[in-house]
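Overview (structure and organization)
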Amino acid sequence: MTGLSPSPYGGQVPVLRIGDVLLVTLQGDLHDGTAEQLQQDVSEAAADSRVNGVVIDLSGVEIVDSFLGRVLADIAAKTRLLAAETVVAGMRPAVAITLVELGLTLPGLRTALSTEEALRLLGGASISPRYGRTRQESP
Amino acid sequence: MSEQEAEGHQVAPAQEVGDFLRLRREQIAQRWADAALFRTVFTVSRDEAVEAGRAVVEALAAVAAAERLEDPEADGFNVVRDQLARTAASRSRAGSTNSQISTEVDALRPPVLELLVADLSARGEEHVRECTTALTVLMGTLRMVVLETLLTAGQELIERQRLQLLEVATPVIKLWEGIVAVPLIGTLDSARSQVVMETLLDSIVEQHARFAILDITGVPTVDSLVAQHLMKTVAAARLMGAECIVSGIRPAIAQTIVHLGIDLGTVMTRASLADALAYALRQQGADIVAHVPDGAGPR
Amino acid sequence: MQTAGGLSACLPITSDLDLVWVRQHVRQAAAQLGFGLVAQTKLVTAASELARNTLVHGGGGQMECAPVNRGGVRGLRLTFSDEGPGIADLDQALRDGYTSAEGLGMGLGGARRLVHEFDIDSSPGRGTTVTVASWVSAPPRPREER
């Protein structure tokens, strides 16, 4: 039961840099403090002029409440000021339904089905053209 | 506590019944195995019926020992719910009515009562009456527990079937790589809209679909609740990274939507399923051409 | 594990960390009662909103979690209570106010839409108690029969 819980305050989400894109992978139940720390970390990392995109992978997140929703929106707004684009990737259906019901449709946020797709959206061709290509069956 | 000791003191009737049930567990289980409730369900082997009877007797003994004869929430009854209620539920599925099952549970009482009276024959009349009353109360509570569980099981069954029907009525079709569609036919109510929403969003993940088409050509009317559900589906799909297109809005429905004051402005709409597919294909970078250009063979 | 003992609980809400415990407890209780994934997520999210409300606006409090049964339909009831300043204008608090980050009653209106039943009791100086309930299947409504 306690195995998945984040450690209090010590929890920090790593912000990875792949080429000119920042990649943030959220997992499990996020502590408010951790989310706020993340917001700051991303803003600082995005201040680097060579960063032109931020990808936030939500595929491992089971719940997004209005607090985390607002953190995501704030990250997007801040990075936009720094001329970088934020894409939220892999949101689960149950989370999406709940956010809409909550009234948070996050209109300013770009979204993608997966991290791979998000990187492609950000013009990730320069990173690695074969990265995460989905299996393509000829119709 | 030894039997000699018990004879000396005046033991509470509930305790007495509890001790009796524990002591006579085997005999009662054997008798119950032939009762209609157990016999008809465990046709495979009589041992199984005896085994089930034993578990129920033990549970009743625990309830009696805790002196909670009239309390359906007593811990011991959880075992009964698990054991006997499942038995009763399969009887119910086999076509028995609830009142039949109630009668069958009631039929478990006489053989136990008979044993109890025989066991207590040496004791005072007053004590025997108290103990038989206690046993009757206990068996009454048992019947209540079984019936309550049956009703719940019945409701769950109906609910499950209702959901299954809804799912059957909501096929998701993969139209192309990365494009799924749900052709909706018939009246949409709130429950069905909910299922449509969840089914469509799940298929977006499964098929890795960037486009989802909700075709409502076959839907006669749309009320404001359903229109809201459609809009929520579109918004949720967008959050997941997919685009949802609503196609086949018939003029009458468009009129209704306008009358209801609902703004579908943020929703991508197309006149027909074909138009929606063409749009999705174009967005994916696929061009629809009349014939294959020269030299476009496999490389 | 047959008893309902694991589902009933009273959890303190005094720090952000408690919000995590609240969410995890509600998630587990809802899963154990047989809530579907979407229903679980809605209830957990509502609990998160209400617990944060208790923490931020009520100055801390507690959540009571209890399984309920109505006419054979199982459900979960959550009660959030605090002894904070209370809410003077409930209508205003229930209006969607999530755009104003620190607005009073933020998340209340949203949480209300995520549960089947919502009840709030509050007045200035008396603290706030919010009780919500959701049911495993649709709540018993006789009028939907066909």
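None of the values given here were measured: they were computed from a predicted structure.

**A word on the overall build of chain A**
- Along its length, chain A carries 4 helices and 5 strands.
- Its helices and strands in sequence order give chain A the pattern β-β-α-β-α-β-α-β-α, from N to C terminus.
- Classification of the 139 residues of chain A by burial places 53% in the buried group.
- Considering only intrachain contacts with a sequence separation of at least 6, the fraction spanning at least 24 residues in chain A is 71%.

**Let's talk about the confidence of the model for chain A**
Residue and element names in this part refer to chain A.
- Counting all residues, the mean pLDDT for chain A is 81, and 81% of those residues have values of 70 or more.
- At the level of individual helices and strands, chain A shows its lowest average pLDDT in strand β1 (residues 15-18), which scores 88, and its highest in strand β5 (residues 110-112), which scores 95.
- This model gives residues 1-10 a pLDDT under 50, and the stretch forms 12 contacts once residues within four places in sequence are excluded.

**Examining the interface of chain B and chain C**
- Each side of the interface is counted separately: chain B has 9 residues, and chain C has 10 residues.
- Interface of chain B and chain C: buried area, both sides summed, is about 730 Å²; carbon and sulfur atoms make up 39% of it.
- Counting every contact that joins chain B to chain C gives 0 salt bridges.
- Applying the counting rule to chain B against chain C returns 0 residue pairs in polar contact (both at pLDDT 80 or more).
- Broken down by element, the side of chain B that touches chain C gets its largest block of residues, 4 residues, from helix α9 (residues 125-168) of chain B.

**Some points on the sheet that holds strand β4 (residues 117-122) of chain C**
Residues and elements named next belong to chain C.
- Read from one edge of the open sheet, 5 strands run β1-β2-β3-β5-β4, paired in antiparallel fashion. On the outer flanks of this sheet lie β1 (9-13) and β4, each paired with one strand and no other. Adjacent strand axes in the sheet meet at a mean angle of 15°, parallel and antiparallel pairs treated alike.
- Relative to strand β2 (residues 61-70), β1 is paired through 5 bridges, and the arrangement is antiparallel.

**Brief notes about the sheet that holds strand β2 (residues 21-27) of chain A**
All names here are of chain A.
- Read from one edge of the open sheet, 5 strands run β1-β2-β3-β4-β5, paired in mixed fashion. Two strands in the sheet have a free side with no partner beyond their single neighbour: β1 and β5. Neighbour to neighbour, the strand axes of the sheet diverge by 25° on average, direction disregarded.
- In this sheet, β5 lies alongside strand β4 (residues 85-89) in parallel orientation, the contact comprising 3 bridges. Opposite A89, over in β5, you have A112 as the bridge partner.
- This element, helix α1 (residues 32-46), spans β1, β2 and β3 (53-60) of the sheet and lies at about 170° to β2.

**Side note on the packing of aromatic side chains**
- As enumerated under the stated definition, the model contains 1 aromatic pair over all chains in all.
- Summarising the aromatic geometry, the rings of F211(B) and Y279(B) are spaced 6.4 Å apart at their centres and angled 90° between planes, so their arrangement reads as edge-to-face. Of this pair, F211(B) sits in strand β3 (residues 211-218) while Y279(B) sits in helix α13 (residues 273-283); the two residues are 68 residues apart in sequence, bridging distant segments of the chain.
- Taking relative accessible area as the criterion, F211(B) reaches 1% and is therefore assigned buried.
- Just above the ring of F118(C) sits the side chain of R112(C); from NZ or CZ to the centre is 5.9 Å.

**Concerning the interface of chain C and chain A**
- Each side of the interface is counted separately: chain C has 25 residues, and chain A has 27 residues.
- Of the roughly 2,300 Å² buried between chain C and chain A, counting both surfaces, carbon and sulfur atoms make up 56%.
- Here chain C is connected to chain A by 6 salt bridges.
- Between D65(A) and R52(C) there is a salt bridge, and its shortest N-O distance comes to 2.8 Å.
- Our enumeration of links across chain C and chain A arrives at 9 residue pairs in polar contact (both at pLDDT 80 or more).
- Elements with a contribution of two residues or more to the side of chain C that touches chain A: α1 (16-33), α2 (37-56) and α4 (108-114) of chain C.
- Here the residues of the side of chain C that touches chain A are counted per class, giving 12 nonpolar, 6 polar and 7 charged.

**Observations regarding the environment of R126(C)**
Residue and element names in this part refer to chain C.
- Assignment of secondary structure puts R126 in the loop between β4 and β5 (128-135).
- With a relative accessible area of 57%, R126 lands in the exposed category.
- For the pair R126 and D82, spaced 44 residues apart in the sequence, the C-alpha separation amounts to 8.8 Å.
- Not counting residues up to four positions away in its chain, the partners in contact with R126 are G84 and D121.
- Within polar-contact distance, the side chain of R126 engages the side chain of S123 at 2.9 Å.

**A word on α13(B)**
Residues and elements named next belong to chain B.
- Looking at α13, one finds that the buried residues are A276, A278, Y279, A280 and L281.
- Contact partners of the buried residues in α13: β1 (173-176), β2 (179-185), β3, β4 (243-247) and β5 (268-270).
- Two residues or fewer past α13, G285 is found with a positive phi of approximately 90°.

Rules of the game
- Residues numbered from 1 in each chain as written.
- Chains lettered and ligands numbered in written order.
- Predicted model: local features only at pLDDT ≥ 70, side-chain atom pairs only at ≥ 80, totals over all residues.
- Heavy atoms only, no water.
- Helix = DSSP H or I, 4+ residues; strand = E, 2+ residues; numbered from the N terminus.
- Buried < 20%, exposed > 50% of the residue type's maximum accessible area, 1.4 Å probe, protein only.
- Contact = heavy atoms within 4.5 Å.
- pLDDT = per-residue confidence, 0-100.
- Buried area = accessible area lost by both parts, 1.4 Å probe.
- Salt bridge = Lys/Arg side-chain N within 4 Å of Asp/Glu carboxyl O.
- Polar contact = N/O pair within 3.5 Å; in protein donor to acceptor, adjacent residues only side chain to side chain.
- Pairing = 2+ DSSP bridges.
- Axes fitted to C-alpha atoms, helices over the stretch in contact; angles between N-to-C directions.
- Phe/Tyr/Trp six-rings, centres within 6.5 Å; stacked < 30°, edge-to-face > 60°.
- Lys NZ or Arg CZ within 6 Å of the ring centre and 35° of its normal.
- Nonpolar A, V, L, I, M, F, W, Y, C, P; charged D, E, K, R; others polar.

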